[in-house]
Amino acid sequence: MKKIVSIVAAVAMASAMFAGEPAINTAVTEFKGSASVTWGINLDTKKTGFDNSTSASLKVNFVDGGDKVTESDEAIWGEIKIKTDGMKAENGALSNAAAAVDYAKLHVGPAWVQITGAGTKVGGFEPVLATSSTDGEKWGAVGAVGTKASKGIEVGYAMDKMFSVKVDFCSETTPAAGIYSDQYAAAVKVTFDMVENLGVEFGVSKNFTVGKKYWEYDSNDLAYFGKAEYKFGLNDKFYLKPQVGATLTTPTAKSISTSSVFAVLFGWGAEKQDTNIKYMGKKVSDGVSVAMKLDNGVIKSWTSDKENCVTKTAVASVLIGAWDSAKLVPNLTFGAEAELKNVINTSVTKGVDGDKTYTDYNTNDINETVYVSSLKAEAKYKIDLDGKSITPAIACAFVGEEVNYKLESNKDAAKKLAETKDGTYHLVPANFYLGVNFDGFVPFTTFDIDYESARVEGKDWLNKGKLNFKMTIGF
């Protein structure tokens, strides 16, 4: 405690010198806790048991966050911004007790040279979808591409509410040479913001290192990125938001990889809400969305002077989702999503026989897999009873049993075969949940009854599941 007081005193002296910036503001911002007891029965084993859990939180604010930035009316001047998120303590642990340089740049008229925060990776785009839980919480995300180099400068030029251009030129240190590595890369990033609610961005990253690259697993010889999104208001409540993002990379001289996502959201509420009911991811938006993600890779490898093999892999995924947090129907929260995947793998051998060239598709070299990979739905309804509430909930999830198509080819013809385990396609139940919450009947106390079952491993049905009764006391 003495240590914290001394740190606060030091910050107080600093804040006296820089009034209006980070300031002392001691307050308890959170003090809460809860305890619960659960009794449950495993309906498969017929065994029962208790579980207890507790949680408590104390958050204290000592110093508010703030920043300080230099200003000048000169045509050429240096700007630096220093910021802090303040000083806080949570359950005895001191956090956010540091200051950092946000950026530093030399202004030359409307242009600048920034000496912090440069980097030669370009892009990074995550579409806003109604639901996105099939692939974690970032379904359809297009990652940053290019060579990772971050020691250098950024030269930029911007016109307010029009566009900005940034050119980053960087190197990276190596264990052997330190900063004198000759490992260089550059990136050009262009952003357009001349139309309200329209965002357009392009980027190119190039590796200039000669010879063996130090960034063996985080480098592209050449990489491109582009994205565009527009929010079109239909009225005061509803809107359309089309979105697209794409990358093209050349990890080596013998390979090309592309990734793209196309999405549209018909929305009517908050975006990327941190909530769910059971199986959906906790990044949901009120609306209905349709998105398609395409990933394609082409790799060329030479097996001899006269023969080479081209391997192609393509993955197409479509996600359809809907979510509403009691905006359309009061007290009713619901969501649903379905994902369809199409995976194509090919291996083509091209060669030379004398003065003739040939293309050989070996048996099973080309195959295509089409399946619904997941289907989820969940809902809850809050019944208000004069200060009390009963909230029943239901949720279910299915996984897809794959349907395999194989293309068998030779020099003369090709035929398509459909192969399944039983000749039919079906969805397999993966999880099922029923629950009800009682709140307000006893002060500071809630009651829950939950039932959940899961897929039996290696089988196409659910187990009998588990039934739990829970009481929670807290504030």
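Residues numbered from 1 in each chain as written. Predicted model: local features only at pLDDT ≥ 70, side-chain atom pairs only at ≥ 80, totals over all residues. Heavy atoms only, no water.

Overview of the overall build of the protein
Here is step 1 of the chain: If you tally the helices and strands in the protein, you get one helix and 28 strands.
Here is step 2 of the chain: Out of the 475 residues in the protein, the part that is buried amounts to 31%.
Here is step 3 of the chain: Counted over contacts in the protein with a minimum sequence separation of 6, partners at least 24 positions apart contribute 58%.
Here is step 4 of the chain: For the protein, the exposed area adds up to about 27300 Å²; of that, 59% sits on carbon and sulfur atoms. (Helix = DSSP H or I, 4+ residues; strand = E, 2+ residues; numbered from the N terminus. Buried < 20%, exposed > 50% of the residue type's maximum accessible area, 1.4 Å probe, protein only. Contact = heavy atoms within 4.5 Å. Areas by Shrake-Rupley, 256 points an atom, 1.4 Å probe, with all protein chains shown as cover.)

Some thoughts on the pairing of strand β1 (residues 24-42)
Here is step 1 of the chain: Note: β1 against strand β2 (residues 47-63), 16 bridges, orientation antiparallel. Bridge pairing in β2 places Gly 33 opposite Ala 56.
Here is step 2 of the chain: Linking β1 to β2, which pair antiparallel, is a turn of four residues; within it Lys 46 sits at a positive phi near 65 degrees.
Here is step 3 of the chain: Looking at chain direction, β1 and strand β28 (residues 466-474) are connected through nine bridges and run antiparallel. By the bridge assignment, Ser 36 is partnered in β28 with Thr 472. (Pairing = 2+ DSSP bridges.)

Looking at the side chain of Lys 105
Here is step 1 of the chain: Note that Lys 105 resides in strand β7 (residues 99-108).
Here is step 2 of the chain: Buried charge without a salt bridge: Lys 105, with Glu 79 as the nearest opposite-charge side chain at an N-O distance of 4.9 Å.
Here is step 3 of the chain: Dropping the residues within four chain positions of it, Lys 105 is found in contact with Trp 77, Gly 78, Glu 79, Trp 112, Val 113 and Gln 114. (Lys, Arg positive; Asp, Glu negative; His and termini not counted. Salt bridge = Lys/Arg side-chain N within 4 Å of Asp/Glu carboxyl O.)

Structural notes on the pairing of strand β4 (residues 76-84)
Here is step 1 of the chain: The pairing of strand β3 (residues 66-69) with β4 spans four bridges and is antiparallel. Note on β4: the bridge partner recorded for Val 69 is Lys 81.
Here is step 2 of the chain: Where β3 hands over to β4, the hairpin turn is made up of six residues, counted between the paired strands.
Here is step 3 of the chain: Note: β4 against β7, nine bridges, orientation antiparallel. Bridge pairing in β7 links Gly 78 to Leu 106.

Quick notes on the environment of Val 37
Here is step 1 of the chain: Mapped onto the fold, Val 37 is located in strand β1.
Here is step 2 of the chain: With 432 residues separating them in the primary sequence, Val 37 and Phe 469 have C-alpha atoms 8.4 Å apart.
Here is step 3 of the chain: What Val 37 contacts, discounting residues up to four positions off in sequence, is Phe 50, Asp 51, Asn 52, Phe 469, Lys 470 and Met 471.

A short note on the nonpolar core
Nonpolar side chains in soluble globular proteins tend to be buried together.
Here is step 1 of the chain: Counting residues in hydrophobic clusters, the biggest one holds nine residues: Ile 277, Tyr 279, Met 280, Val 284, Trp 323, Ala 393, Ala 395, Ala 397 and Tyr 433.
Here is step 2 of the chain: Counting residues per element, this core draws most heavily on strand β23 (residues 388-400), which supplies three residues.
Here is step 3 of the chain: Here Ala 393 is in contact with Ile 277, Ala 379, Lys 380, Tyr 433, Leu 434 and Gly 435, once residues within four sequence places are set aside.
Here is step 4 of the chain: Ranked by size, the runner-up nonpolar core spans eight residues in total, among them Val 145, Ala 187, Ala 223 and Phe 225. (Core = buried A, V, L, I, M, F, W, Y, C linked by side-chain atoms within 4.5 Å.)

Thoughts on the environment of Asp 182
Here is step 1 of the chain: Along the polypeptide, Asp 182 turns up in the loop between β10 (163-171) and β11 (184-192).
Here is step 2 of the chain: Once the C-alpha coordinates of Asp 182 and Thr 209 are considered, the two residues, 27 residues apart in sequence, prove to be 6.8 Å apart.

Overview of the confidence of the model for the protein
Here is step 1 of the chain: Averaged over every residue, the pLDDT of the protein is 80; residues scoring 70 or more account for 76%.
Here is step 2 of the chain: Looking at the elements of the protein, mean pLDDT is at its lowest for strand β25 (residues 414-419), recorded as 34, and at its highest for β28, recorded as 97.
Here is step 3 of the chain: Low pLDDT (under 50) marks residues 212-218, which in the prediction has 21 contacts with non-local residues, meaning those over four places away or in another chain.
Here is step 4 of the chain: A low-confidence stretch, residues 360-366 stays under pLDDT 50, and its non-local contacts, those more than four residues away or across chains, total 20 contacts. (pLDDT = per-residue confidence, 0-100.)

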